[in-house]
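Structural characterization, general
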Amino acid sequence: MPEGPEIRIAADRLERALKPSVVTEVFFAFDHLKPYATRMRGRRIDAVETRGKAMLIRFDNGLSIYSHNQLYGRWVVRKAYDYPATNRQLRLAIHNQRKSALLYSASEIEVLDPVQLVSHPFLSTLGPDVLSGGTERVLERFTSKKHRRRRFSSLLLDQHFIAGTGNYLRSEILFVAGLHPRLRPMDCSTDELRVLADAAVAVARQSYRHKGITNDLEGARVLRAQGQTRSQYRHWVFGRGCKPCRLCNALIVEDTAASRRIFICPECQPVHG
Ligand SMILES: [Zn+2]
């Protein structure tokens, strides 16, 4: 599933394609959304926002298209009406004179007016966004009484706890913070929780700015110059089971937590508490 940084990168592409020109046509695959198409034609798009892994396309008449890609949704930006050859189902298309933004396979698409936007059951209960919120708000979550007994492995996937993190970010953030996924906030000092909040924000933002690279940037550059592929130099630990840790040479352990793959350095991320 694309995580916060990938959704924000897709939103940037959409903004570049859609903001400069008047919308000439909108297509919705779902019947209950079709009536909105005429209200969007001839309008402009003010912004393409992200809230965690959800996207909001904000029209200048107050309507917003909400989409959540889940596992299969995929945005494609092409020249106007230049549809790619694909077996995927087109669910939403926004056209202007130059470009078409096409959303394939996504099943979670809604149109919201300003009132519905504020009270939306998913959006209104999201945690602070690691890409747009400050570290302090993320730290508040880690130090709150309500969550202190939950393991980091589940907290870092819970969008109502913090928004925008997903499976690869979970492994990478915990490695950078030097914390084992089985630990809970109550097992850690305030200093450790601050380091974790800093890591959550820093790793997610670096991933956004550097197209998914969460490894040390200079280290990744050197490995790339040595001929390693992107998947080899991209991460600290994620996807690197049985490979040596980049910091201490211990073998990275692959495990399962909250039904998803997780990668841990047993030396850099000791279990304590
Ligand atoms: Zn290590």
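Report follows, based on the coordinates. (Residues numbered from 1 in each chain as written. Predicted model: local features only at pLDDT ≥ 70, side-chain atom pairs only at ≥ 80, totals over all residues. Heavy atoms only, no water.)

Where nonpolar side chains cluster on the molecular surface, the patch consists of Met1, Leu71 and Tyr72 and spans about 340 Å² of accessible area. Mapping Leu71 onto the fold places it in the loop between strand E4 (64–68) and strand E5 (74–79). According to the relative accessible area criterion, Leu71 is exposed, its value standing at 52%. (Patch = residues over 30% accessible without salt bridge, like charges linked within 9 Å, V, L, I, M, F, W, Y side chains within 5 Å. Areas by Shrake-Rupley, 256 points an atom, 1.4 Å probe, with all protein chains shown as cover. Salt bridge = Lys/Arg side-chain N within 4 Å of Asp/Glu carboxyl O. Helix = DSSP H or I, 4+ residues; strand = E, 2+ residues; numbered from the N terminus. Buried < 20%, exposed > 50% of the residue type's maximum accessible area, 1.4 Å probe, protein only.)

Attention now moves to the coordination of the zinc ion. At 2.2 to 2.4 Å from the zinc ion lie its protein donor atoms, namely Cys245 (SG), Cys248 (SG), Cys265 (SG) and Cys268 (SG). Of note is the zinc ion, whose four donor atoms meet at the metal with angles of 98 to 115° in an arrangement that counts as tetrahedral. Considered as a linear motif, the donors of the zinc ion on their single chain read C-x2-C-x16-C-x2-C. (Donors = N, O, S within 2.8 Å, 3.2 Å for Na, K, Ca; no water. Tetrahedral: all angles 85-135°; square planar, octahedral: opposite > 155°, others 65-115°.)

With that settled, consider the pairing of strand E6 (residues 90–95). Regular strands have side chains that alternate between both faces of the sheet. Across the six residues of E6, five count as buried, placing the element largely inside the fold. In this sheet, E6 lies alongside strand E1 (residues 25–28) in antiparallel orientation, the contact comprising four bridges. Across the sheet, Glu25 pairs through a bridge with His95, a residue of E6. Of the strand pairs in this sheet, E6 and strand E7 (residues 99–104) are connected by five bridges, and their pairing is antiparallel. Along E7, the bridge assignment pairs Leu92 with Leu103. Counting the residues that bridge the hairpin from E6 to E7 gives three residues. (Pairing = 2+ DSSP bridges.)

Positive phi, normally seen in glycine, also occurs at Tyr81, with a value near 60°. Checked against the element boundaries, Tyr81 lands in the loop between E5 and E6. Look at Tyr81 and you get partly exposed, because its relative accessible area is 40%. You will see that Ala258, though not glycine, has its phi angle at about 55°, which is positive. Along the chain, the position of Ala258 falls in the loop between strand E9 (253–257) and strand E10 (260–264).

Attention now moves to the packing of aromatic side chains. Tallying each qualifying case throughout the model produces six aromatic pairs. Look at Phe142 and Phe152: their rings are 6.0 Å apart centre to centre, the planes differ by 75°, and that puts the pair in the edge-to-face class. Of this pair, Phe142 sits in helix H4 (residues 135–143) while Phe152 sits in helix H5 (residues 152–155), and the two are 10 residues apart along the sequence. According to the relative accessible area criterion, Phe152 is buried, its value standing at 0%. Residues Phe238 and Phe263 carry aromatic rings whose centres are separated by 5.1 Å and whose planes lie at 75° to one another, so their mutual orientation is edge-to-face. Placement of Phe238 in the loop between helix H9 (230–233) and E9 and of Phe263 in strand E10 is noted, with a sequence separation of 25 residues between them. Given a relative accessible area of 15%, Phe238 falls into the buried group. Judged by its relative accessible area of 1%, Phe263 is buried. (Phe/Tyr/Trp six-rings, centres within 6.5 Å; stacked < 30°, edge-to-face > 60°.)

In short, the description is geometric, and any link to function would need to be established separately.
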